[in-house]
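Spelled out from the first residue to the last, the chains are:
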Amino acid sequence: QLQLVESGGGLVQPGGSLRLSCTASGSIFRINAWRWYRQAPGKQRELVAAVTSGGSTNYADSVKGRFTISRDNARNTVVYLQMNSLKFEDTAVYYCNAPSVQSVRGTYVEVWGQGTLVTVSP
């Protein structure tokens, strides 16, 4: 069974930093792209950052210059989200998403993690 597990969330003061990790497991042949989403209380889930298999990245305007998404080139099943200069409005549950995971059987599926809570507060 394909699975994504996030880690690294927690409580941080405004201006601080956190690094989220997402690790995939299961019968994976290839993960073509990774995305990080977040959902704040009372709000819709929004795309925060994305990285393609070729390394191209995209960011929401609200996090540009502060967040960095990166793949672990040594381990193709891990992706990170480095979050700097955190603000109150970054408080949310952060979800890892792999929209196109190719299994060893050749099938393609979308996989979501369970989410990790990031709270920015004094």
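Quick note: structure is the one above.
A brief report on the enclosed structure follows. Given the structure is predicted, the values throughout are model-derived calculations rather than measurements. (Residues numbered from 1 in each chain as written. Predicted model: local features only at pLDDT ≥ 70, side-chain atom pairs only at ≥ 80, totals over all residues. Heavy atoms only, no water.)

Moving on to the sheet that holds strand β1 (residues 3-7). Pairing is antiparallel across the open sheet formed by four strands, whose spatial order is β1-β3-β9-β8. Each edge of the open sheet is held by one strand with a lone partner, namely β1 and β8 (67-71). The sheet shows a mean angle of 15° between the axes of neighbouring strands, taken without regard to direction. Here strand β3 (residues 18-25) runs beside strand β9 (residues 78-83); their pairing, made up of six bridges, is antiparallel. Of the residues in β9, the one forming a bridge with R19 is Q82. (Pairing = 2+ DSSP bridges. Helix = DSSP H or I, 4+ residues; strand = E, 2+ residues; numbered from the N terminus. Axes fitted to C-alpha atoms, helices over the stretch in contact; angles between N-to-C directions.)

The full count for this structure, using the stated rule, is four salt bridges. When the shortest N-O distance is used, the salt bridge between K64 and D61 registers 3.1 Å. According to the relative accessible area criterion, D61 is exposed, its value standing at 66%. With its nearest N and O atoms 2.7 Å apart, the salt bridge here joins D90 to R66. With D90 in the loop between β9 and β10 (92-103) and R66 in the loop between β7 (57-59) and β8, the pair connects residues that are 24 residues apart, well separated along the chain. Among the residues examined, D90 registers a relative accessible area of 0% and is labelled buried. Salt bridges linked by common partners bring R38, E46, R66 and D90 together as one network. (Salt bridge = Lys/Arg side-chain N within 4 Å of Asp/Glu carboxyl O. Buried < 20%, exposed > 50% of the residue type's maximum accessible area, 1.4 Å probe, protein only.)

For the rest of this paragraph, the subject is the side chain of S103. With respect to the secondary-structure elements, S103 resides in strand β10. Side-chain polar atoms of S103 contact the side chain of T107, separated by 2.8 Å. With residues near it in sequence (within four places) discarded, S103 still touches S27, I28 and F29. (Polar contact = N/O pair within 3.5 Å; in protein donor to acceptor, adjacent residues only side chain to side chain. Contact = heavy atoms within 4.5 Å.)

Any functional reading would require information beyond the geometric quantities listed.
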